[in-house]
Structures are given as structure tokens and as C-alpha cells.
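Below, each chain spelled out in residue letters.
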Amino acid sequence: MSKKIRKPIKNENDFSSKIIKILSQNANKPFNYKQIGAKLELDDTKSRNQIIKDLKILASQNKIVESEPGKYLIKAVSQDYYEGTIDMTSRKTAYFICPDFTEDVFIPTNNLNRALDKDKVKVYVYNRRKGKRPEGEVIEVIERKKTDFVGVIDIQNNFAFVATANPKMYTDIFIPKDKIGEAQNGDVVLVTIEDWPKRADSPFGSVIKVLGKPGEHDTEIHAILAEYGLPSDFPVEVEVYAQKIDTSIQESEIAKRRDMRDTLTFTIDPKDAKDFDDALSFKKLDNGNYEIGIHIADVSYYLQEGTILDDEAYQRATSVYLVDRVVPMLPEVLSNFACSLRPNEEKYTFSAVFEVSENAQVINQWFGRTVIFSDQRFAYEEAQYIIETKDNTIPAETSITGSSYVVSDEITNATLKLDELAKILRKKRMANGAISFDKVEVKFDLNAEGEPEGVYFKVSKDANHLIEEFMLLANRKVAEYIGKQKKTFVYRIHDEPNEDKLIAMQSVIAKFGYKIDFRNKGDISKSLNALMEEVNGKKEQNLIDTLAIRSMSKAKYSTDNIGHYGLAFDYYSHFTSPIRRYPDIMVHRLLQYYLDGGKSVDEETYETKCLHCSNMEGLATNAERDSIKYMQVKYMQDHKDEEFLGVISGVTEWGIYVEIVSNKCEGMVRIRDIKDDYYTFDEKQYALVGATSDKILQLGDEIYVKVKNADLVKKQLDFHFLRRAE
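Residues numbered from 1 in each chain as written. Predicted model: local features only at pLDDT ≥ 70, side-chain atom pairs only at ≥ 80, totals over all residues. Heavy atoms only, no water.

> Hey, could you go over the overall build of the protein for me, with residue numbers and the actual values?
Counting its secondary structure elements, the protein contains 17 helices and 35 strands. For the protein, the C-alpha radius of gyration of 30 Å lies close to 27 Å, the compact-globule estimate for 726 residues. Once the C-alpha set of the protein is aligned to its principal axes, its extents read approximately 105 × 70 × 60 Å. Taken across its 726 residues, the protein has 50% of its residues classed as buried. In the protein, the share of contacts with a sequence separation of at least 24, taken over all contacts with a separation of at least 6, comes to 64%. Summed over all atoms, the accessible surface of the protein reaches about 35900 Å², with 46% contributed by carbon and sulfur. Taking the 102 positively charged and 118 negatively charged side chains of the protein as two groups, their mean positions are separated by 8 Å. (Helix = DSSP H or I, 4+ residues; strand = E, 2+ residues; numbered from the N terminus. Rg over C-alpha atoms; globule rule 2.2 N^0.38 Å. Buried < 20%, exposed > 50% of the residue type's maximum accessible area, 1.4 Å probe, protein only. Contact = heavy atoms within 4.5 Å. Areas by Shrake-Rupley, 256 points an atom, 1.4 Å probe, with all protein chains shown as cover. Lys, Arg positive; Asp, Glu negative; His and termini not counted. Charge placed at Lys NZ, Arg CZ, Asp CG, Glu CD.)

> I'd like a description of the environment of G205, backed by residues and values.
With respect to the helices, strands and loops of the structure, G205 is situated in strand β12 (residues 204–212). The residues contacting G205, other than those within four sequence positions of it, are I173, F174, I175, P176, K179, T192, I193 and E194.

> Requested: an account of helix α8 (residues 308–316), with residues and values cited.
Every buried residue belonging to α8 is among L309, D310, E312, A313, Y314 and R316, and all of these are buried. Taken together, the buried residues of α8 touch α5 (236–243), β18 (326–327), α9 (332–338), α16 (582–595) and α17 (603–637). Once α8 finishes, A317 follows within two positions and takes phi at roughly 70°, a positive value.

> Could you give me a rundown of the nonpolar core, with the residues and numbers involved?
Across soluble globular proteins, you tend to see nonpolar side chains buried next to one another. Residues F470 and I656 are the most contacted members of the largest nonpolar core, which totals 145 residues. Per-element accounting of this core gives the leading share, 11 residues, to α17. Excluding residues that lie within four positions of it along the chain, I656 makes contacts with I648, G650, V651, G667, M668, V669, I674, L688, L697 and I703. Core analysis: the second largest hydrophobic core is formed by 32 residues, L116, I153, A160 and A183 among them. (Core = buried A, V, L, I, M, F, W, Y, C linked by side-chain atoms within 4.5 Å.)

> Give a detailed account of a negative patch on the surface, specifying residues and quantitative values.
Together, D560, D602, E603 and E604 give the surface a local cluster of negative charge. On the secondary structure map, D602 appears in the loop between α16 and α17. (Patch = residues over 30% accessible without salt bridge, like charges linked within 9 Å, V, L, I, M, F, W, Y side chains within 5 Å. Salt bridge = Lys/Arg side-chain N within 4 Å of Asp/Glu carboxyl O.)

> For the sheet that holds strand β20 (residues 362–373), give the residues involved together with the corresponding values.
Spatially, β13-β20-β19-β16-β15-β14-β21 is the arrangement adopted by the 7 strands of the open sheet, whose pairing is mixed. Every other strand in the sheet has two partners, leaving β13 (258–259) and β21 (376–379) as the edge strands with one partner each. Bridge analysis of strand β15 (residues 278–284) against strand β16 (residues 290–297) gives 7 bridges, and the strand direction is antiparallel. Across the sheet, the residue bridging to S281 is G293, located in β16. Relative to β20, helix α12 (residues 462–483) is tilted by about 105°, and along the sheet it contacts β14 (265–269), β15, β16, β19 (346–356) and β20. (Pairing = 2+ DSSP bridges. Axes fitted to C-alpha atoms, helices over the stretch in contact; angles between N-to-C directions.)

> Could you give an account of the pattern of salt bridges, with specific residues and numbers?
Using the criterion set out here, one finds 40 salt bridges in the structure. One salt bridge connects R257 with E253, and the closest N-O pair in it is separated by 2.8 Å. Both residues of the pair, R257 and E253, count as buried. A salt bridge links R369 to D298; its shortest N-O distance comes to 2.8 Å. In this pair, R369 is assigned in strand β20 and D298 in the loop between β16 and α7 (299–302), connecting sequence segments 71 residues apart. D298 gets classed as buried once you look at its relative accessible area, which sits at 1%. Shared partners join several salt bridges into a network, and the residues in it are E253, K256, R257, D298 and R369.

> How would you summarise the sheet that holds strand β33 (residues 696–698) if you had to cite specific residues and measurements?
The strand order β31-β32-β33 describes an open sheet built from 3 strands, whose pairing is antiparallel. The open sheet is flanked by β31 (679–682) and β33, the only strands paired with a single partner. Across the sheet, the mean angle from the axis of one strand to that of its neighbour is 25°, orientation sign disregarded. With 4 bridges connecting them, β31 and strand β32 (residues 687–690) associate as antiparallel partners. Its bridge partner being in β32, T680 is matched across the sheet by V689.

> Describe the pairing of strand β8 (residues 148–155), naming the residues involved and giving the relevant values.
The pairing of β8 with strand β11 (residues 188–195) spans 5 bridges and is classified as antiparallel. Residue pairing in the sheet places G151 in a bridge with V189 of β11. With 4 bridges joining them, β8 and strand β9 (residues 159–163) adopt antiparallel strand pairing. When the bridges of β9 are listed, I153 appears paired with V162.

> Pulling in residues and values, what's your account of the side chain of R589?
With respect to the helices and strands, the residue R589 is situated in helix α16. A residue is classified by how much of its surface remains accessible, and R589, at 15% relative accessible area, is buried. Of the polar contacts made by the side chain of R589, one reaches the side chain of Y582; its length is 2.9 Å. Among residues more than four places away in sequence, those in contact with R589 are S300, L303, Q304, E305, D310 and Y582. (Polar contact = N/O pair within 3.5 Å; in protein donor to acceptor, adjacent residues only side chain to side chain.)

> Mind laying out the confidence of the model for the protein, listing which residues take part and the relevant values?
Of all residues in the protein, 96% have pLDDT values of 70 or greater, and the mean over the chain is 90. This model gives residues 1–12 a pLDDT under 50, and the stretch forms 18 contacts once residues within four places in sequence are excluded. (pLDDT = per-residue confidence, 0-100.)

> So what's going on with unusual backbone geometry? Residues and values would help.
Negative phi values dominate among residues other than glycine, just as trans dominates among peptide bonds. Residues other than glycine seldom take positive phi values, yet N113 does so here, at roughly 45°. In this structure, N113 sits in the loop between β5 (105–107) and β6 (120–126). By relative accessible area, N113 is classed as partly exposed at 23%. Notably, K486 is not glycine yet its phi reads approximately 60°, a positive angle. Position of K486 relative to the elements: it lies in the loop between α12 and β26 (491–493).

Pasting the structure below:
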């Protein structure tokens, strides 16, 4: 039988990139033309001659080196090789994100070479000539961003596949028969990728956890946590350790602290809060000024470095607030009991105490460990009632006890004075260029089974702002105190807005008749505040609030203090929520260490911790957002026969996104489902235009829709288009 001769590849110019790829993947091994031909499965004379020619051209371009006669190595450092991260699209293509490029490098599907979303990769970049969009090919996956995925398992006779609902995960995962575990066909499972053989279309993995049946409430909530690698329970050994901590209040420890138990102190929190990590104290001084204490649960007293409890808290870095539950950073014995500043109990706290004048100027400040006694617990609604009415009799319908009660004159007067001072602080902050984002928060009324029975919107009022302003004051002054000493510290930083995103936002809001002033940093913040005020209460408010927030840089933790743009602070940290944020614990420890005269700590160590905490915060935010989407879909599933008024919140070539006015649920009307005309996407108008009638569907238009499909697994809503609003 004669040897089969392979046909040469028609596009001979492709050999250069293929040669580069082979040599890059075998960086320390020299290849001759025959070995490269074998790798490419080419053995005809024409192809081999082309390989020889391309090798000489690449060597003359200094892209490869001839290490010995006829043998070639990739040049150690090439100007066409870059390291960065992969940003997948939902179309099985990707962009390569690298600081060396002003625009992202496009990666076609066949050049991904097993790279997945957010992987750290090495890429060879083509088309670097002016006017050409750069394209690249993944040469090496340096580090996987994640190896664990959630999906639905499809079990065959001798193997299984797991398909995820994540639109950026372009491949399913092959599961050998012996690695299916206890999973049943159709289960939602957590799998881990163990290998991706060279000739395999899909990565190989194994089932590590069965989460339940698709669409079941607990299954979907646990799937959200698992998708982001977030825990649902504490390890047994951590719970046991936490239970053994001595949480009693000791006279010997009180003696080491500033005793503020006799100072009027109270908490203001959401009515359903279980952990109260901050309290305010108030005292009028003889000189006419006020002593205001911001008292924060002294978590770092109980949470000792180097323990399994501290390791677990650091790994979690944050509590996760899902729509129907909280996944706490600390076990309940600390978060809801020992560290919770509950009324009529003595508690250890870490405090920022200020002497404040009548016009809210800080005259003196003191930081340190204290012991307090909370005289009263308020819900925001109760404090708001006092602020609005000046009445100290809380009615039954507002009271968290369900019964009417009278608040002491002392606490009533303190609440009203603190509100006055908070309003002055807020006014000063806004005048300095702070941006006011009071985005409407969607909340659900849940029954005992966790099913949504209603939707309501949480709006910040004066009582919320009162607490916010004094927490901001403490966070700012703590950061300023250490920052001016030039010692390593954990800051909460926020960079200036991304100008490209602001320009993109301007093109959208112009459709509604709004504009942003770009002349300088101060004008942008004033312009954004004016915009927020102008859209307040209008149908497009949520859309524009969302666009404005997306145009902002993301706040993060860092030892490199660049200030906080959104708050208009030169110094800012997180000091006030150590029950739910690990950076606050680091701030408490560093503050005490420096108060005791300690020298500056290692910056690199803390920068690594800051990066971890910022990353975990991002995952928690994504999980929280997914849980809200899930609950919105679940809610709409039970309202399939109802008509809803919606606002067009997005326009694409495949349809329009519509946000329901009454509950902020967003879904899609596909272009093929709009039957009153044949519509096409007009990119310039950011609208769908009817071919025969010239009717337009554009951002901000009000239309009536009905639920077509509610997919709990994908957390997606599809709507029927009914008609335009008159």
C-alpha cells in the first residue's frame, strides 16, 4: 500500500504563524524543517520548501534564531508576544486585554487554543500595522482563572457532558463514566476541569458536588454561589473553634479601654438586620460643641491572626448578601452575637470619637478601643419618623416591635441634632465634588418558603444619610490620620471616570435630551449630580443611573492612595464594617499597631491582601446581582398572563431590552417577535426602524409587554411585544 501523500495547504502565508506557534510552545527545543513539517502533518515537497523559505524569512526578521545549522529556536523575547487576559464574548470569540495596547486585540475562535474567559495567556499578535485591527493567537495558557464550573449533566452510556448556562463558556465538559459520582441525568452539578488533551474538543473533568434539580430554589441559589467559588457553609473545625472563643465581657479588659458605657449610645439599622456593627454616641459639651462617637464592633479582638478562623475570614474576605440569605464572613457566634452591638448589652468596640462644632467642623479627634452600652435600637424607618415629624411617639405601623412606644427626649434630641450635622457634612461633600448615586434598590417580599410575593424599592432617606455621613467621617479621618504619617495602610480608592465610557453614555442620554459637561474633573461631577437630580422619578431614571455607575471606575482596596473620586476625599478607608468586610479588620489591626507606636509594615504584603479582597468583593457583587436576576425571573414566572408597562433600556441588532416600570425586571423582545412591521437595527439612531412604516422603537420608549418565557437556569426573561404606550 503506497504512503498517503497529504495535500499542501493552499494558504502558504499561514506557515509563518504556525511555525512561530510550534517554536513558542517548545521554547527550549530547536526544530528543523522536517520536524516542523511533521508537526504540521505535511510531507509534500512544495510545503517543505515553503517551510524552509518561511524559516529563513522569520530568522531575517529576528523573530526566530538559528541555534545550529538548519535548526531554529523562538527568540527569547519577541516584540510580538504579550501577556494578558482573555475576555470572552458570547459569540465564541474573545478579546485579549493587555496594557501594551490602546485597543483590545481580537482573538478568533480557532485561535483561542483552549483559553477560557479571564485566563492569563501569552498571545502572538498579528496585524500591528497602522489602520489594521490587531488580531492574535493564544500561544500558551499561563494560568487558568477558574477550573470549577456549574452546569447540567447529560449522562450517556459510558460518559457524560456538562453544559453550563454561562454564555462565555464556549465548550461543554467531558466527564468519564468513573467520574460522574452520585449525579443523576439532568442534575445541576459542580465540576472541575482536570485536563484538556491536545486532540480533544472538550476539557475532561469530574463531578465534585451535586447541587440538585434545575429550577429548584435552593439548587439555583447554591449554583450561584458555586459558580463564583463562594462557600455556603463553614468547615466544621472553624465552627468548633468559633464556639470555643470566650465572648464574655471581662473587667480586666475593660480596664484597658476607654469606658463609654455612660454616654448615650444607639444603633440605626435596617429593620431585618441581625448584625449591628456600628453605633453612634452623642454628648453635648460645656463649650457648646458635641462629642460624637462612631463605635464599631471590635472584631479584631476576637479574631486573632494566625488562627483557622482568621484564615477562613480572609479567604472569604466579605459577607455575601443574596436575595434570600446572607452568607456571612464570620460564624454566627461572632457576627450575630459577640460582635453585634445589640441594645442593653455591654460590647467591646473600636471607636472614632470627634468633637464637632455647630457647623459640623471637626475640632478634635480620638481613635482607640472602647467599651459601650447601647441604650436603643432603631430601624431606619423609626429614625426617619422622628426626623420627619419631630415626634418621639413611634406609631405601631412604623415600630419594629409592632407596638407604639415613646422614645426618650434625650435620644430624640440627639437624633435630630445628628441629622442636622449630617446634612451639613453632606452639603460640604457635594460642594467639594462628591457624586450622589442614590440608585433604586430592588427588594422582594418573600414568604416562609423563600418565594417572591411582591417587589418593592428601597430608597435612601435622611435616616440612611445620617448614618452614611458619620460612617464616611470615621472612614475618612482614620485614613487621613495614618496617611499623613506616610505609613503603609489599606485605603479604599476610586479613580477618575473612564472618558470613553462617559462619551458612550453621552450618546445614549442625548436621546433623552440630557448632556454631561466634560471640561474638567469638577465639571463632570457637578454635571453628573445635576443629571441624577433631573432624572429622579422619571421613567428613564434606572437606565441612566445604571449607565452613570458603569461609566465610573470601580472602587477597590490598595496601599497606593490616589484618593476617592466619587466621594471627593483625598484619604478614605473602610473602618466601619469589620463583621462583613475583611479590609476593615486589617484597618483596625494597623490602626491599633500604629497607635501603639509601630513602624510601617511591608507594603507588598498588604497590597497582595488588598488585591485578594477586591477580587472577592467583585465575585460577591456578581453573585448578589445573579440572585436578584433569578428572583426577578421567578417573580415574573408567576405573572405570565399580565400586561406590563416597560421602558426600552437597550437596543441591539437582535432585539430590544425592556425594563418593567413597576418592578425593574429586564427582559428581551426579539426582533422577529415584533409583528407590526419588518424592523432593522439603525446603529446611528440606536433604534429599530420599520421598513414600511418608518416607525421607530428607541431607548426610553414606553411599550406594553407580556412574559413569553422565564428561564430560571439562565436567569433570562423573554417578552412578547404587545403595543406602544399611548
